[in-house]
Amino acid sequence: MDVSENGGKPPISEGKKNKKRTLGRSNAPTIEEIQTDETWKLARKYWSPQSPSLEAFDPTVIETIYKKELLATNFAINKCMLLEFSQYLELYLWPNFKGDMASYAHIMSVVAMVNEKFRERVPTWEAFKSKPEEFGKLFRRVLEASLCEDSITVKEQTALTIFLMHCFNSLEVDVVRTHIQSLVSLPIWCCLTPGNLEAQLKLQPKLRKFWNAIQRNDSKLSPTELESLKFRRRFLSNFLRRFFKVLDFSVTDSEVDEDSISYCERFLEFLIDVEALLPTRRFANALLHDHLVVSRSRLSRLARHPRGRLFAELLDSLRFYSRFEIDDQRGTALSEAETQRIHYGRVAELQRAAFGFPELRRFALATVGSVDTADRLREHLGPLSSEELHDLASRLALVPPREDSSQELPDKELLLELLIERHERTRSQIDSINSLPLFPNETLLWDETVIPDEFYIEGCLSLPKLNLQFLTLHDYLLRNFKLFRLESTYEIRSDVEETLLYMKPWRVEDGSTVFGGWARMAVPLRSFSIVDVGKPNLGESRPRCVRGDVAIDVPPALRDWESLRKHDVCFLLTVRAARIYGEPFSRWEPLAPQLGVVYIRGCVVEGLLGPDGKVIEEGPDNRPEFPDNVRTYRVALDPNQYQDDIDGQTENVYETFNVILRRKPKENNFKAVLETIRDLMNTECVVPDWLHDTLLGYGDPDAASYFRMDSEIPTSDWNDTFLSADHLRESFQGYQVLFTKGETPPFNITFQEVVNKRKLDEFESSKRLIVDSYAVPSRGPYPYNRPRRNAVRFTPTQVAAIRSGMQPGLTLVVGPPGTGKTDVAVQIVSNLYHNHPEHRTLIVTHSNQALNQLFEKIIQLDVDERHLLRLGHGEEALETEKDFSRYGRVNYVLYQRLKLLGEVARLQESLGVLGDVSYTCETAGHFFLYQIVSRWEAYLDKVKTETQLVDKTQLVSSLFPFSGFFSNAPQPMFKGLDYKEDMEVAEGCWRYLSRIFTELEEFRAFELLRSGRERSEYLLVREARIIAMTCTHAALRRRDLVKLAFQYDNIIMEEAAQILEIETFIPLLLQNTEDGLNRLKRWIMIGDHHQLPPVIKNAAFQKYSNMEQSLFTRLVRLGVPAVQLDAQGRARSSLAHLYRWRYSLLEDLPHVLEREEFRVANAGFGYDFQLIDVADFNGVGESQPNPYFYQNLGEAEFAVAIFMYMRLIDYPADKITILTTYNGQKHLIRDIIAKRCATNAAIGAPHKVTTVDRYQGQQNDYVILSLVRSRAVGHLRDVRRLIVALSRARLGLYVVARLALFRNCYELWPAFRQFLALPNKLHIVPSER
């Protein structure tokens, strides 16, 4: 290219072109572009729901749009977005689709819209369910077009391939799955070479019967039917041949065809997705091997061309999955020994085949280990001629014999590559992971082919995907490990760039670097030195450990650097400034070249060094005084990273560091999580048998549900779940309820259907409940001995969720906003606690706030607090005076021990027993055994055998031996009216005494254990029965918990839809196995997949890799039975209508219609909710001072004005929350409030000003919501974010937004049409108070 063609500038590399393109503004069409676009005019004329009248369907409209707007622009994103935004698919393409008559443009338009919906991650297949028979015709037409070679462009071929890829990844959708199965089922083996087919059937004898049955059935079909079947059976084979033709011409000596390269990349992505799912790979994997896909692709020009880097990376992934350690037919993971045996068997088979070639006689007699590397195989096989290699490969059934082949014979290079690829020994993924540094370096940090920046829109990437199904647990962990590592690296990159921008690294005249600014999270280094490099462990080459000392200046303004704790992660940077002193930095350009980061290495803090040069142990003792501001920290470096640096760097990296950077603790736990995943990959992960297949996404979705479990329990104690007998009847409608011992709760309930199932009685499946009422035994004469009772009147669906949670197996509970998810979880915990005293329950949540809410409710139920333990940080936010942390519980036990020993002393005194029996728990135990038990037994003998006395009632009180001890109880204890009643009081007193000594016996270990750590570990492992922690803490502490032999039987997860897939999985494996089995019995997951998913900051990992999909959401998509709670009690009925449509059934609890706060209108407002249309303010709507830092001054001012108005008419400030959908707007509103309101005592600040995402799980009476965007809808188009935004308010919701933008959004229409039914100007009534 001539320089003049580029404006006088030198040629721009392809990578820079892409960078320059992605740094432009968003491709999303703005409201102005939408309203002026020709397509939008057609939409208003033919299909827009806002148009008063529409013209009849005209096929030429589709032709015109396809040729001019889609094909002519190469399916430009902004054109596709505009069409999809106008509901082109739902309102025009599909309603008028007739498979046999539809034009090619109609087919391709549907394909383009489906691809666009997947790109934008909005619901795709709902429209097709209305005409499933037509979808079959569409799919057939797509398959035919995918094989067309002449009349279709490569760009169109790419679109068709992407469509098929989406179909293969949507197997949970019935209308799609039925058509995919025929493309990858056993009959596709008709495309295998005869020798290979025979070899495959020989390996799987059962399949031969099915194959023969297929042949017999084919002979009975008509020619038309058989031709239709053959088309589908041969599709994948023909599709591969089509790919090879494009691949051969993608790169030539004179040209690089970008469209062809893109097609090849997408095709490999499609094949990887096929191989990564067991239902699709089961028979397709053999076909791919038969067609030599990997070998042919590796020898292609594209794989060796610089432009083919992504293609080569995708090819490596395809090769990995094609050779994955799994039995394709049985679906079971292959052990390392089995994998080795298969490898040795293949090489031995090659040696036997080679024995017939004289020049390979030496190779045939060699040991396997000496010839199974790529170099040795090439050395031995390379001298053979093409004909000899072909004969050798045909003996192994890798290619057909030369005389039988009807196609062009493969050349020598391909044959050699095939033989090497099949027989070489590959390095295991475990070894690769174990040698991988957990800290990123500068190369990985800014490699945008691996970690795209925030401007990622769409495109093929060499990243694993979290689909519905996984091949094995190893595959599951490997994908999550790679993605979690890359997502963490992206977050680290963002923090490094943001911090260094504040520090302003500039180059001065002598070439050195100075910092013109400062940052809280980074400081310049005084010095760094390596102080210890440990010797490698046996059999390893890397050092066992690497330690260094970091010296920094800590001025008074940065004293929070002294809060660095053991295990905190920091980063050491070498910064060599690229910009001269005073030159500004631009956030709109790539930051790495501007900031001049040369090296970055991670480290873990081991401790602060004292003046004596030794690490100061963390503890309650005060730190020593330092003579100056210099602080030196001992840090541990990554041995793998250190070894890589020593082996590969010309410069000594560790002598160049000049900056140390730290991160917020909550965002800096990535290393511990990665270590945990790596530990799991290096151990034999044992998931409970009943859960294994469901977790991987296979088998019957019901298999892990309680009603399919053999261990279903027929009779359970429902404790205080039911408030009355009527409540029980309401909860089990459709059941015949038989009360046997009265109708007063609590109840034991027997499900007759479960009893009958156990008896294998198929004839009587009567839905009958046998209900036994029982009295809770008295626990003592004091008022506080009465058990705390549940006061929530659970709905029938809540009771169904509680029942499922009490039973063994997997329970999913979908809880829409305000439906009492936490109450259900707490009741399940309580019921398990009382039904299974020997079981231990682990409670896991996403956030500390949710964990604290759950814990506060558990405390209020009948659960002994000595059995409660709260792990991790955040327990200080518990709204209780009691400390449930590890050391708080230790202190409680020590305090309770002294208190109970005091009670023993008082009991001793009341009985007149001599001696120091209350000195220790041991002496108290002897006292109980020899003094108390004997007295009680003697008392029972006298009371129950003294039959001569007429009035036994008086005997109960007169002979009671502990009256003196209980003299401080409410008197009289014995009423003297009824013998049974008084005897129950006496037995209650005995239970009270027994509990004292039982607790002291449990506390006895605390007299033997001296340190706080030992005591806390004992408490965790032996004493606590309900242990609560966040998912992050579970990942951080897994290694320690396993080492302590921590055990549990039940897991309850709240906010399960907000937890990352891997962070949901880790809590399953916090304990060692027992006899090779996992003792977990119940897994209860409670969440709402219709609300926001886990937070993934990188758009590529979120969208392309589907990393935002939680395990809870995946299980729901797989069809695992879930109980959906169906009655909300949070918001006014009118506010609940805004999001009620998203759920299959969501009604209001009675109190929503009865309580005055819900019945009375909001004073000063004309409506309970409104959307206020806010125009441009001073000619400006949304703005971006920094990338993705969206602000809207007009909306911010209006939102604050509403808040000020509410305060002036006496609304409490703590009952008002201001929410927004972007961080930039949040900061703008906070600034306005700080200037206008905060200093005014009559107004003050609202309860919170935050983003919708941050406010999930919280609520307030009144919410003011700013939607910010005025040009494009943005991420609010994610319906899950809309549901969260609209469901935070209890009594009033006032939304400020650009009405013209949001009213046309299809996904948001069910909610916004309710806003549109009301005026779009704020209606106020200032006279009301």
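The structure under discussion appears in the preceding block.
Summary of the structure given here. It should be emphasised that the depicted structure is a prediction, and the values quoted were computed from it without experimental measurement.

**Describing the packing of helix H31 (residues 670-682) against helix H44 (residues 1031-1043)**
Here's step 1: Direction vectors running N to C along H31 and H44 enclose 50°, while the axes themselves pass 8 Å from each other. Relative to H44, H31 is oriented oblique. In this structure, H31 meets H44 at a crossing whose hand is left-handed. Here H31 contributes Ala672, Val673, Glu675, Thr676, Asp679 and Leu680 to the contact with H44, which in turn contributes Ala1035, Leu1036, Arg1038 and Arg1039.
Here's step 2: For the contact of H31 with H44, the residue count by class is five nonpolar, one polar and four charged.

**Concerning unusual backbone geometry**
Here's step 1: In this model, Pro745 is joined to Pro746 through a cis peptide bond whose omega is 10°.
Here's step 2: One non-glycine residue, Gln87, lies in positive phi territory at about 65°.
Here's step 3: When you line up the elements, Gln87 lands in the loop between helix H5 (77-85) and helix H6 (88-93).
Here's step 4: The buried category is assigned to Gln87, whose relative accessible area is 8%.
Here's step 5: Of note, Lys504 is a non-glycine position whose phi angle comes to about 55°, a positive value.
Here's step 6: Tracing the chain through its elements places Lys504 in the loop between helix H28 (473-503) and strand E1 (505-507).

**Examining the environment of Glu509**
Here's step 1: Structurally, Glu509 is set in the loop between E1 and strand E2 (513-515).
Here's step 2: Using a relative accessible area of 86% as the deciding quantity, one classes Glu509 as exposed.
Here's step 3: Residues Glu509 and Glu589 lie 80 residues apart in sequence; the distance between their C-alpha atoms is 25 Å.

**So, the sheet that holds strand E4 (residues 546-553)**
Here's step 1: The sheet built from six strands closes into a barrel, its strands ordered E3-E4-E7-E6-E5-E8 with antiparallel pairing. Going across the sheet, the axis of each strand differs from the next one's by a mean of 45°, ignoring polarity.
Here's step 2: The sheet contact formed by strand E3 (residues 522-533) and E4 spans seven bridges and is antiparallel. For Ser527, the partnering residue across the bridge sits in E4 and is Ala551.
Here's step 3: In the packing of helix H30 (residues 639-648) onto the sheet, the strands contacted are E3, E4, strand E6 (597-608) and strand E7 (630-637), and the crossing angle to E6 comes to about 140°.

**A short note on the sheet that holds strand E25 (residues 1216-1220)**
Pairing between sheet strands relies on hydrogen bonds along the backbone, with the strands arranged either parallel or antiparallel.
Here's step 1: Across the sheet, five strands lie side by side as E22-E28-E27-E25-E26; this open sheet has parallel pairing. The open sheet has two edge strands with one neighbour each: strand E22 (1169-1173) and strand E26 (1248-1251). Pairwise comparison of adjacent strand axes, ignoring direction, gives a mean angle of 20° for this sheet.
Here's step 2: Of the pairings in the sheet, the one linking E25 to E26 comprises four bridges and is parallel in character. In the sheet register, Ile1218 faces E26, and the bridge partner there is Val1249.

**A short note on the pairing of E4**
Here's step 1: Among the eight residues in E4, six count as buried, and that is most of the element.
Here's step 2: Across eight bridges, E4 lies against E7 in antiparallel orientation. The partner of Ile552 across the bridge, within E7, is Arg631.

**Points about the packing of aromatic side chains**
Here's step 1: This model, assessed by the stated rule, comprises 73 aromatic pairs.
Here's step 2: Between the aromatic rings of Phe1165 and Tyr1294, the centroid separation amounts to 4.3 Å while the plane-to-plane angle is 20°, which identifies the pairing as stacked. With Phe1165 in the loop between helix H50 (1156-1159) and E22 and Tyr1294 in strand E28 (residues 1289-1297), this pair connects stretches of sequence that are 129 residues apart. We note that Phe1165, like Tyr1294, is buried.
Here's step 3: Here the aromatic rings of Phe1302 and Phe1312 are separated by 5.7 Å at their centres, their planes lie at 5°, and the arrangement is stacked. Of this pair, Phe1302 sits in helix H54 (residues 1299-1302) while Phe1312 sits in helix H55 (residues 1309-1316), and the two are ten residues apart along the sequence. Neither Phe1302 nor Phe1312 differs from the other in exposure class; each is buried.
Here's step 4: If you follow Arg889 out to its NZ or CZ, it ends over the ring of Tyr892, 4.4 Å from the centre.

About the cut-offs
- Residues numbered from 1 in each chain as written.
- Predicted model: local features only at pLDDT ≥ 70, side-chain atom pairs only at ≥ 80, totals over all residues.
- Heavy atoms only, no water.
- Axes fitted to C-alpha atoms, helices over the stretch in contact; angles between N-to-C directions.
- Helix = DSSP H or I, 4+ residues; strand = E, 2+ residues; numbered from the N terminus.
- Parallel < 35°, antiparallel > 145°, perpendicular 65-115°, else oblique.
- Left-handed = near helix turned anticlockwise from the far one by under 90°.
- Contact = heavy atoms within 4.5 Å.
- Nonpolar A, V, L, I, M, F, W, Y, C, P; charged D, E, K, R; others polar.
- Buried < 20%, exposed > 50% of the residue type's maximum accessible area, 1.4 Å probe, protein only.
- Pairing = 2+ DSSP bridges.
- Phe/Tyr/Trp six-rings, centres within 6.5 Å; stacked < 30°, edge-to-face > 60°.
- Lys NZ or Arg CZ within 6 Å of the ring centre and 35° of its normal.

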